[in-house]
There are 2 protein chains.
Amino acid sequence: MPAIDVAGEFETIRRLLRPLAHPEWARGLADDVAVLPSRPGHDLVLTKDAIVEGVHFLPEDPLDTVAQKLLRVNLSDLAAKGAEPFGYLLACHWSERCGWPEREAFVAGLRRDQAIFDIALLGGDTVKTPGPASFSATLMGWAPSASTVSRAGARPGDLVFVTGTIGDGWLGLQALQDKLTLEPERMDALTAAYRTPMPRLEFAPVVRGLATASADVSDGLLADAGHIAEAGRVRLEIDLEVLPLSAAAQAWMDSRVDPQGALELLATGGDDYEIVLTAPAGAENALRREADRRHLRLTRIGRVAEGKGLAVRYLGQEIKPTRSGWTHD
Amino acid sequence: MPAIDVAGEFETIRRLLRPLAHPEWARGLADDVAVLPSRPGHDLVLTKDAIVEGVHFLPEDPLDTVAQKLLRVNLSDLAAKGAEPFGYLLACHWSERCGWPEREAFVAGLRRDQAIFDIALLGGDTVKTPGPASFSATLMGWAPSASTVSRAGARPGDLVFVTGTIGDGWLGLQALQDKLTLEPERMDALTAAYRTPMPRLEFAPVVRGLATASADVSDGLLADAGHIAEAGRVRLEIDLEVLPLSAAAQAWMDSRVDPQGALELLATGGDDYEIVLTAPAGAENALRREADRRHLRLTRIGRVAEGKGLAVRYLGQEIKPTRSGWTHD
């Protein structure tokens, strides 16, 4: 039922969120709606993801990084589709533990990422829940008209690429759950990958220009590659042994007796927020050049063939991974 | 943490939500993003509200009406700003009790309101929470460029109007909490007003054409009129005795010994989802004609003066209401 709250909705909006508002389109967060002028020649690209304490982030995660992760998992969807973000709407479902200092921390995280990614708050809602905290954001970006890459465009003969490294987010979660022992600096790198993944927005124009299909890697590399295979009614063949690993993930690999099983875990763990994409073989040089210019690692991890589904190989042999990705529901 | 779920995210999207998707812009809910072409000559109007079980709806409320209320509280924001809705993004935070039948019921409510209001699902997310269920929706509409009415335009000399009737939502909540005894048909009417309020979308073009300021009545008539006063740096004078009441609300009034106190409760209870607006005195006839054409009740409840804040009167005497509206946070 409605209730008076010390860290109330109006105070939260007025003192914490209004300073983050888009100078024009958010109407000072005082008007129930945001109003965006049309941008001829462009499409509006929208995505909305939600995160729940205890499901998508840990109760111990600092709220500033929770806010950053909320924005970044959504920004990653825009990057993978070739769109350039400009703003977002936010719904905060504060739990009992979200008093004023926690809300300030959350907003500090939003502010940090607004500066990094050049986005502004457009509107939203703030409510209290007796359950665990949860948050959702609707992220918005522009893309030149009809340029947005779908999941469905992969063609036989295309190659499969992935940005960055794979497995760090999942290893970071293991580290935070004390299931992992590595040198402190490795642990820190993995924890940071879990809490504040880096959406590959700088690669969005390249995806738009060169990719035939793309998705962001959130459910796990194999699951998301599988989505591209399914949507395009083609077969994707992925080579596990070329999986791009960070120094920390390589250190973890070195401690494992079963490298194939270890790679399977990294390729299915999820929470990577990299871009998996397909492109014609003739585009490989251009893709590599664009990645180099951005100091972004880009790895060819497989190819597209006639057929359907996902074929996973290790050292040339087709294998059956025991799981293809997590269900986050 | 990630977990396998019998009523999983993919099944929920594929079997329940995909049939609701916009035929073109939602990309079959299979692509992480929705893509909207620009509409030259129009602004995009956006609003995002969240509702939480036990806070904004009752655990006993049927999930089909919860879905309808979610859409309607957001549609009401668009109506009050003169925008015409076309679609929405949805985040479902399902609780433990939301198995397959409950999700089907929720989707049946969405489907019903999609037909009534001519809107389509554009995208979103579905997650599971160990706490109470909560939902948020980002509603989107078009308005002719630069026509969107703000809260801030009221000018001294303007009149204050409200659509429909006031207090039914609050009385419906009292009825559902067994705090009210009236004839069964009255109880049903009030319960319906609480669970499935009717956003005044048919009045959106009139608001756009004639209102100087507007807001939807969600926090309570006096609170929302107060927002208009504050945003416009003017004084709003509201006459309580002319408050438009439904037959059920009038029946409740007749049972009260303190009519002024009863009117105060109705004017502060909230959950009305009517439109409160200001307009020049010269626009009154046109407003009434447009309301009549739509068989919509429209009541003049006050006037705008120099000064600031809200003045509440009862039978010509200024009074101090004991509360001006609920805080829903």
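Looking at an unreviewed UniProt entry, one finds chain A named Thiamine-monophosphate kinase, with Brevundimonas faecalis as its source organism. Note on chain A: under the UniProt heading Sequence similarities (unreviewed entry), the record states "Belongs to the thiamine-monophosphate kinase family."

Turning to the UniProt feature "binding site: Mg(2+) 3" (unreviewed entry) in chain A, a few remarks are in order. Here, UniProt's "binding site: Mg(2+) 3" (unreviewed entry) annotation points to Asp32, Asp77 and Asp216 of chain A. The greatest C-alpha distance among the annotated residues, which extend across 185 residues, is 31.6 Å, indicating that they are dispersed rather than converging on a single site. For Asp77 of chain A, the residues in contact, after removing those within four places along its chain, are Thr47, Asp49 and Asp216 of chain A together with Asp32 and Val33 of chain B. Turning to its location among the elements, Asp216 of chain A is positioned in strand S7 (residues 213-216). Judged by its relative accessible area of 2%, Asp216 of chain A falls in the buried class. With residues near it in sequence (within four places) discarded, Asp216 of chain A still touches Val73, Ser76, Asp77, Ala80, Asp224, Tyr273 and Glu274 of chain A together with Asp32 of chain B.

Residues and elements named next belong to chain A. Considered domain by domain, chain A is made up of domain 1 (9-144) and domain 2 (159-319). Of note, the centres of domain 1 and domain 2, computed from C-alpha atoms alone, are 27 Å apart. Between domain 1 and domain 2, the residue contacts involve 24 residues of the former and 22 residues of the latter. Both sides together, the interface formed by domain 1 and domain 2 hides about 1,900 Å², and carbon and sulfur atoms give 60% of it.

A few words now on the interface of chain A and chain B. The interface is formed by 72 residues belonging to chain A together with 72 residues belonging to chain B. Of the roughly 5,900 Å² buried at the junction of chain A and chain B (both faces included), carbon and sulfur atoms supply 56%. Linking chain A with chain B are four salt bridges. Note that Asp31 of chain B and Lys81 of chain A form a salt bridge whose closest N and O atoms lie 2.6 Å from each other. Counting across the interface, chain A meets chain B through 30 residue pairs in polar contact (both at pLDDT 80 or more). For the side of chain A that touches chain B, the secondary-structure elements that each account for two or more residues are helix H1 (9-17), strand S1 (34-37), strand S2 (42-52), helix H2 (63-80), strand S3 (84-94), strand S4 (120-128) and strand S5 (134-144) of chain A.

How each quantity is defined
- Residues numbered from 1 in each chain as written.
- Chains lettered and ligands numbered in written order.
- Predicted model: local features only at pLDDT ≥ 70, side-chain atom pairs only at ≥ 80, totals over all residues.
- Heavy atoms only, no water.
- UniProt positions renumbered as here; feature names shortened; annotations may be inferred.
- Contact = heavy atoms within 4.5 Å.
- Helix = DSSP H or I, 4+ residues; strand = E, 2+ residues; numbered from the N terminus.
- Buried < 20%, exposed > 50% of the residue type's maximum accessible area, 1.4 Å probe, protein only.
- Domains from an automatic or database assignment.
- Buried area = accessible area lost by both parts, 1.4 Å probe.
- Salt bridge = Lys/Arg side-chain N within 4 Å of Asp/Glu carboxyl O.
- Polar contact = N/O pair within 3.5 Å; in protein donor to acceptor, adjacent residues only side chain to side chain.

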